[in-house]
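Summary of the model geometry
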Amino acid sequence: MVSRGEVLVYRVCTPVVDAEYDFENNSSATEAIVSALADAVGVEPTDLPPLTNYVDPNALNALIEPSDGVTNGDTLLSFRVDTWNVFVRSDGRIRVCDATQPIEPEPVFESTIA
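Now for a quick tour of the structure. Here the structure is a predicted model, which means the values were calculated and not measured.

Structurally, A32 can be placed in helix α1 (residues 29-41). Since its relative accessible area comes to 9%, A32 is described here as buried. Distance in space between the C-alpha atoms of A32 and D22 is 8.8 Å, their sequence separation being 10 residues. With residues up to four places along the chain from it excluded, the contact list for A32 reads E20, Y21, S27 and I94.

A side chain with one charge may pair with a side chain of the opposite charge, provided their charged atoms come close. This model, assessed by the stated rule, comprises three salt bridges. The shortest N-O distance in the salt bridge between R95 and D18 comes to 2.6 Å. Of this pair, R95 sits in strand β4 (residues 93-107) while D18 sits in strand β1 (residues 10-20); the two residues are 77 residues apart in sequence, bridging distant segments of the chain. Taking relative accessible area as the criterion, R95 reaches 9% and is therefore assigned buried. Residue R89 is joined to D91 by a salt bridge in which the shortest nitrogen-to-oxygen separation is 2.4 Å. Judged by its relative accessible area of 31%, D91 is partly exposed.

This paragraph deals with the nonpolar core. Formed by 21 residues in total, the largest nonpolar core has its most connected members in I33, L37, F79, V88, I94 and V96. Every element with two or more residues in this core is listed here: α1, α2 (57-64), β2 (76-81), β3 (84-89) and β4. Among the elements that line this core, the one with the most residues is α1, at seven residues. Discounting residues that sit within four places of it in the chain, V88 has contacts with Y21, I33, I64, T75, L76, L77, F79, R93 and I94. In this structure, C13, F87, C97 and F109 belong to the second largest nonpolar core, which totals five residues.

Moving on: α2. Listed in full, the buried residues belonging to α2 are P57, L60, N61 and I64. Projected down its long axis, α2 shows its buried positions confined to an angular sector of 95 degrees, all on one face. Residues of α2 that are exposed and angled more than 90 degrees away from the buried face: N58 and A62. In this structure, the buried residues of α2 make contact with α1, β2 and β3.

What follows covers the side chain of R89. Relative to the elements of secondary structure, R89 occurs in strand β3. Side-chain polar atoms of R89 contact the side chain of D91, separated by 2.4 Å.

Definitions and cut-offs
Every chain is numbered on its own, with residues counted from 1 as its sequence reads. In keeping with the predicted nature of the model, local features appear solely for residues at pLDDT of at least 70, side-chain atom pairs appear and are counted solely at 80 or more, and the whole-chain, interface and lining totals rest on all residues. Side-chain figures throughout are based on the complete set of non-hydrogen atoms in the structure, without hydrogens or water. Secondary structure elements are defined from DSSP: runs of H or I of at least 4 residues count as helices, runs of E of at least 2 residues count as strands, and each element is numbered from the N terminus. Exposed residues in this analysis have more than 50% of their type's maximum accessible area, buried residues have under 20%, and partly exposed residues fall in between, with area computed by a 1.4 Å probe over protein chains only. The contact definition used throughout considers only heavy atoms, calling two residues in contact when any of these lie within 4.5 Å. What makes a salt bridge here is a side-chain nitrogen of Lys or Arg within 4 Å of a carboxyl oxygen of Asp or Glu, nothing more. Side-chain atoms within 4.5 Å link the members of a nonpolar core, which is a set of buried Ala, Val, Leu, Ile, Met, Phe, Trp, Tyr and Cys residues. This arc corresponds to the set of directions leading from the helix axis out to the C-beta atoms. N or O atoms closer than or at 3.5 Å make up a polar contact, with two conditions inside protein: a donor-capable atom paired with an acceptor-capable one, and, for residues adjacent in sequence, both atoms drawn from side chains.

Printed below as a string of structure tokens:
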């Protein structure tokens with residue numbers, strides 16, 4: 001059920017990895033994304049091409065990470081790395097999907113509101 005003001009974003013790719021990042025433990029969103037991508041691909045994070053080939057990590061962190069201890073509400077970003085669709089939510093959730101395995105449209109996450 002979608003509540004008033006909620007935005008529901010759909011994906012048409014098969015989820016492969018779900019991960020989370022935690023600012024309180026000094027983990028950045030980009031570090032967690034690289035780790036999740038490495039899990040999806042089945043390689044070490046250092047074996048992946050630089051994330052900067054696909055997205056500006058500084059801009060991503062600035063949009064997702066809390067500023068002055070305040071989170072950015074229901075921010076949801078997505079981008080593509082080769083055949084992987086990456087979805088990042090400001091509450092710490094990350095989902096990596098295989099774009100080569102299409103499915104019927106489904107919400108990326110149950111809700112975009114944390």
